[in-house]
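The residues making up each chain are set out below.
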Amino acid sequence: MPRLTPLQQELLSDTAIFAVFFIVSALVFWCLHWQRRKELAKMIDYVSSYTRSQGQGSGGASTTGGEPAAEECAVCLGALEDGDVCCVLPACRHEFHRECMRRWFMTGKTNCPLCRTKVQPPAVAEIV
Ligand SMILES: [Zn+2]
Ligand SMILES: [Zn+2]
């Protein structure tokens, strides 16, 4: 191992301090980020999801008439097609692909991509 000059040693310890500082702050950041992600990941569980099947408009069992559901996912602008796993937001009944909605939540947004209605956990939202 080559001998280090005092300057090199100093640089090395500076680098070490920086590295430790960097690792610690990265760890803290990661923890906070992880917590947030966990919360956001749970958001998708708050919306009911279903697989679209032929001849079915929206929601399967809960078709009580009324306005027809949108046939387009506002997140990816793709059609909601038979066999797609979709979800319907509890507050505004807007439909999206479940995967699109999950990605939407993961960007930190907790409202409807279409009408901006806040998506709330069932504990709050389902007491009607
Ligand atoms: Zn979509
Ligand atoms: Zn909506």
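Right above here is the structure, for reference.
The following refers to the structure shown. (Residues numbered from 1 in each chain as written. Chains lettered and ligands numbered in written order. Predicted model: local features only at pLDDT ≥ 70, side-chain atom pairs only at ≥ 80, totals over all residues. Heavy atoms only, no water.)

**Let's talk about the coordination of the zinc ion (ligand 2)**
Around the zinc ion (ligand 2), the protein supplies Cys92 (SG), His94 (ND1), Cys112 (SG) and Cys115 (SG) as donor atoms, at distances of 1.8 to 2.3 Å. For the zinc ion (ligand 2), the four donor atoms in the first shell make angles of 105 to 114° at the metal, so the coordination geometry reads as tetrahedral. (Donors = N, O, S within 2.8 Å, 3.2 Å for Na, K, Ca; no water. Tetrahedral: all angles 85-135°; square planar, octahedral: opposite > 155°, others 65-115°.)

**Looking at the coordination of the zinc ion (ligand 1)**
Coordination of the zinc ion (ligand 1) by the protein comes from Cys73 (SG), Cys76 (SG), His97 (ND1) and Cys100 (SG), over a distance range of 2.0 to 2.3 Å. Motif for the zinc ion (ligand 1), donor spacing along one chain: C-x2-C-x20-H-x2-C. With Cys76 in the loop between β1 (48–51) and β2 (85–88) and Cys100 in helix α2 (residues 98–106), this pair connects stretches of sequence that are 24 residues apart. A relative accessible area of 39% places Cys76 in the partly exposed class. (Helix = DSSP H or I, 4+ residues; strand = E, 2+ residues; numbered from the N terminus. Buried < 20%, exposed > 50% of the residue type's maximum accessible area, 1.4 Å probe, protein only.)

**Quick word on unusual backbone geometry**
Despite not being glycine, Arg93 shows a phi value in the positive range, around 65°. Assignment of secondary structure puts Arg93 in the loop between β2 and β3 (95–97). A positive phi angle, close to 70°, is found at Arg116, a residue other than glycine. When you line up the elements, Arg116 lands in the loop between α2 and α3 (122–125).

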